[in-house]
Amino acid sequence: MTIYAFSSFTYSYLDRARVLAQSLRQVHPTWHLCAVVTDLPPDGTSQQDLLSDFDSILTAEDLLSVEIGTRFASWMFCHNIVEACTAVKGRALAHLLDKPDAEKVFFFDPDIAIFDDLSSLVTALDDADILLTPHQLHPEPRTNTVAIGDNEIASLKWGAYNLGFVGVANTPDGEGRRFAKWWGDRLLDWCQDNLPKGLFTDQKWCDLVPSFFDDVHVLRDPGCNVASWNLSQRRLAFTAAGDITVNAAPLRFFHFTKLGPVGDQMTRRYAHDNPEVLEIWAWYKRAVAKASAAEIPARYWHYGTFSNGRRIPDTVRQLYRDRADLRAAFSDPFDVENGFHDWLVAEGHLQPLTPGSPAPLSQGAAL
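Residues numbered from 1 in each chain as written. Predicted model: local features only at pLDDT ≥ 70, side-chain atom pairs only at ≥ 80, totals over all residues. Heavy atoms only, no water.

Help me out: how do you make sense of the overall build of the protein chain in this one?
Each helix and strand counted, the protein chain has 15 helices and 15 strands in total. In terms of overall size, the protein chain behaves like a compact globule, its C-alpha atoms giving a radius of gyration of 21 Å where 367 residues would be expected to give roughly 21 Å. Reported as C-alpha extents along the three principal axes, the dimensions of the protein chain are approximately 65 × 50 × 45 Å. Burial analysis of the protein chain (367 residues in total) assigns 55% to the buried set. Counted over contacts in the protein chain with a minimum sequence separation of 6, partners at least 24 positions apart contribute 76%. In the structure as shown, the protein chain presents an accessible area of about 16300 Å², 52% of it carried by carbon and sulfur atoms. (Helix = DSSP H or I, 4+ residues; strand = E, 2+ residues; numbered from the N terminus. Rg over C-alpha atoms; globule rule 2.2 N^0.38 Å. Buried < 20%, exposed > 50% of the residue type's maximum accessible area, 1.4 Å probe, protein only. Contact = heavy atoms within 4.5 Å. Areas by Shrake-Rupley, 256 points an atom, 1.4 Å probe, with all protein chains shown as cover.)

Would you mind going over the packing of helix H3 (residues 60–68) against helix H6 (residues 89–97) with me for this structure?
A packed helix pair is summarised by two numbers, namely the angle formed by the two axes and the spacing between the axes. Close contact between H3 and H6 brings their axes to 10 Å; oriented N to C, the two are set at 95°. The angle between H3 and H6 falls in the class roughly perpendicular. From H3, Leu63, Leu64 and Glu67 reach across to H6, where they touch Arg91, Ala92 and His95. Tallied by class, residues from the contact of H3 with H6 come to three nonpolar, one polar and two charged. (Axes fitted to C-alpha atoms, helices over the stretch in contact; angles between N-to-C directions. Parallel < 35°, antiparallel > 145°, perpendicular 65-115°, else oblique. Nonpolar A, V, L, I, M, F, W, Y, C, P; charged D, E, K, R; others polar.)

So what exactly am I meant to see when it comes to the sheet that holds strand E14 (residues 249–250) here?
Either a parallel or an antiparallel arrangement is found when strands of a sheet pair, and the pairing is made through backbone hydrogen bonds. The three strands are arranged E12-E13-E14 in an open sheet whose pairing can be described as antiparallel. One side of each edge strand has no neighbouring strand; the edge strands of this open sheet are strand E12 (236–238) and E14. Bridge analysis of E12 against strand E13 (residues 244–246) gives three bridges, and the strand direction is antiparallel. The residue bridging Leu236 from the neighbouring strand is Val246, located in E13. Its contacts with the sheet place helix H12 (residues 275–290) against E12 and E13, and it is angled at close to 80° to E12. (Pairing = 2+ DSSP bridges.)

How do you make sense of unusual backbone geometry when you look at a structure like this?
Phi is mostly negative for residues that are not glycine, and the peptide bonds are mostly trans. Phi at Asn247 takes a positive value of approximately 50°, unusual for a residue other than glycine. Note that Asn247 resides in the loop between E13 and E14. Positive phi values are uncommon outside glycine, yet Ala248 reaches one of about 75°. Structurally, Ala248 is set in the loop between E13 and E14.

Can you help me understand the nonpolar core in this one?
As a rule of thumb, soluble globular proteins bury nonpolar side chains together. In terms of nonpolar packing, the biggest core is built from 58 residues, with Phe6, Met76, Leu93, Phe179, Trp183, Phe306 and Phe340 touching the most fellow members. If one sorts the elements of this core by residue count, helix H9 (residues 175–190) sits on top with six residues. Discounting chain neighbours no more than four positions away, the residues touching Met76 are Thr38, Ala60, Ala84, Trp301, Tyr303, Arg317 and Phe334. Within the second largest apolar cluster, 34 residues are counted, among which are Trp31, Ile112, Leu118 and Leu125. (Core = buried A, V, L, I, M, F, W, Y, C linked by side-chain atoms within 4.5 Å.)

As structure tokens, then:
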């Protein structure tokens, strides 16, 4: 039997996904690692070459073709880059659970790096079918209103569990398979970043998991899913032997969310007296830079533009998603030859492209 792990990303996150793959290989070289890619490779590149760190590759079209068939372009247009990458996670999980040799399946966000043995997670799924990590393990002091807002209130808003990680046991007729089917169904139809509706992509749905399913284990290991949203309660340290600990437990995996100015701001806020956190972030930035692929254009996403290279605004995606008449009239809204782009310009949803207007983004530019 085999342990499967997968991550879902576009080529703009390939550098991070490579770091995840390489760090996991160092700890668990026998695990089967699958890349789930909601993207097409840039012209002149090879999918197999770009994803050589992975054992297998699934694309969003692979996963959804049976259910939505010729409506794939329409479905994809309804999602921004984050929604699209998270919308396929449930179907990918169910697909891997269908593998006859799959014993357990783990998902890791591409911006996670593995630092220590994960056998305890495998063992945890001996007695449970579903494994979740909460954003926080401990309440904030009443006096720390900043941390309450950043962490506890944010969890009420974005979801109690961080779905940058999930583990499922492949138990025959077990809750893991039932969860994968339900989660995949909801994400196929309702993977939206729409807080007024109570939706945040794939994550808010899983607040319901302990209510809907048995055999759910909430992992309270402080070394798992360490990130900006729990640094106020988790202290990192280096041992004399060079190991990294969190609250005296081994650091198993760190979630380097929001690489860049936003991540730096949150990290500095909660690591001002814990410089080991800054050292780990510095290591991660070097690792990502080393794993970068020069052949991937900056902010690349094949589904981020119309066929003329013009960026698709989120407002246009939402308009198309909300109107069944537009979806019926324009089955491939990416293609500027079918009239949707012209309709958007005529109705004032897009500015017309004129000789004096700024050039559209190159084909494949991300949002």
